[in-house]
Amino acid sequence: MKDRSRRERILELLKEEGEKTPKELAATFGVSLMTIYRDIKELEREGLIERKHGTVKLKENDAPPKECFICHKDVDGRQNFIFFLRSGKKLQTCCPHCGLMAFDRLEEEPEAVLTKDFITSNPVNALDGWYVVGAKVAPCCSPSAFAFADRETARMFAKGFGGKVLSLSEAVKEIKRLMSAGVRVELKL
Ligand SMILES: [Zn+2]
Ligand SMILES: [Zn+2]
């Protein structure tokens, strides 16, 4: 397992099960204590976890609210967007649809925005991600949007399920266009 994805999983585990000792973490992930200490140090440096009485836990108030701040659905974390704001506040959305919609509604500029690749679940810098908007399938919000780490995977997905392959700024425009198109149709009824 790559360092990055193991660290992501350490954070998930601490979120779900509370505090753990480094030994427990090493056993869970089948790696040496030295490797776990390296992960802990890095996550501590990023301000995501803290050490207390020989255990490791998520930093207080670190976990973003469990609710999508755009549509208020519960976030299951599989396709979420997390906005790290300059004030230290974190916000998340249920899926890339709401993630793209969120860019216009933030009160502060985000310092970083993370999402996950739809196929691999690896973390993706949302600003550099590729998106398929308006595909025929919508596992969460509609019109749907899917995030990918690279353009090629996004293209293959769009070949099968339709939708447009777009960069972040194009995807933000496209989702708004589809939403307002949807509103117009409703008004005609
Ligand atoms: Zn949402
Ligand atoms: Zn959603």
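Conventions used here
Residues numbered from 1 in each chain as written. Chains lettered and ligands numbered in written order. Predicted model: local features only at pLDDT ≥ 70, side-chain atom pairs only at ≥ 80, totals over all residues. Helix = DSSP H or I, 4+ residues; strand = E, 2+ residues; numbered from the N terminus. Buried ≥ 20, exposed ≤ 12 C-beta atoms within 10 Å, placed from the backbone. Contact = placed C-beta atoms within 7 Å. Domains from an automatic or database assignment. Pairing = 2+ DSSP bridges. Axes fitted to C-alpha atoms, helices over the stretch in contact; angles between N-to-C directions.

A.B. asks: When you look at the overall build of the chain in this model, what are you seeing that I'm missing?
C.D. replies: Regarding its fold elements, the chain presents six helices and nine strands. By its C-alpha atoms, the chain is 65 × 35 × 25 Å across when sized along the principal axes. The burial tally for the chain puts 32% of its 189 residues in the buried class. Residue pairs in contact within the chain that sit at least 24 positions apart in sequence constitute 54% of those at least 6 positions apart.

A.B. asks: Help me out: how do you make sense of the domain arrangement of the chain in this one?
C.D. replies: Much of the literature gives interface size as the accessible area that the parts lose upon coming together. For the chain, the domain assignment lists domain 1 (3–58) and domain 2 (81–188). Computed over C-alpha atoms only, the centres of domain 1 and domain 2 are separated by 29 Å.

A.B. asks: What exactly am I supposed to notice about unusual backbone geometry here?
C.D. replies: Apart from glycine, the bulk of residues carry a negative phi angle, and the bulk of peptide bonds sit in the trans form. Residue Pro 143 follows Ser 142 across a cis peptide bond; omega there is -5°. On the secondary structure map, Pro 143 appears in the loop between β7 (130–133) and β8 (145–148). One non-glycine residue, His 53, lies in positive phi territory at about 45°. Locating His 53 in the fold gives a position in the loop between β1 (49–52) and β2 (55–58).

A.B. asks: Help me out: how do you make sense of the sheet that holds β8 in this one?
C.D. replies: Hydrogen bonding along the main chain pairs the strands of a sheet, whether they run parallel or antiparallel. Ordered by their spatial adjacency, three strands build an open sheet running β8-β7-β9, and the pairing between neighbours is antiparallel. The open sheet has two edge strands with one neighbour each: β8 and β9 (164–167). Between one strand axis and the next, the sheet turns by 30° as a mean value, whatever way the strands run. Two strands pair when backbone bridges link them, and β7 and β8 are joined in this way by four bridges, in the antiparallel orientation. Pairing of Val 132 across the sheet is with Phe 146, part of β8.

A.B. asks: Which parts of the structure should I look at to understand the environment of Lys 136?
C.D. replies: Tracing the sequence through the fold places Lys 136 in the loop between β7 and β8. Judged by C-beta crowding, with 9 C-beta atoms within 10 Å, Lys 136 ranks as exposed. Sequence separation between Lys 136 and Phe 161 is 25 residues, and the spatial gap between their C-alpha atoms is 5.6 Å. Apart from residues no more than four positions distant in its own chain, Lys 136 is found in contact with Phe 161 and Gly 162.

A.B. asks: Sorry, what's going on with the sheet that holds strand β4 (residues 90–93) here?
C.D. replies: Across the sheet, which stays open at both edges, the four strands sit in the order β4-β3-β5-β6 with antiparallel pairing between neighbours. Either end of the sheet is taken by a strand with one partner, and the two such strands are β4 and β6 (123–125). Taking each pair of neighbouring strands and ignoring which way they run, the sheet shows an average axis angle of 25°. Relative to β4, strand β3 (residues 81–85) is paired through four bridges, and the arrangement is antiparallel. Each residue of the ladder has a partner; that of Phe 83, found in β4, is Leu 91.

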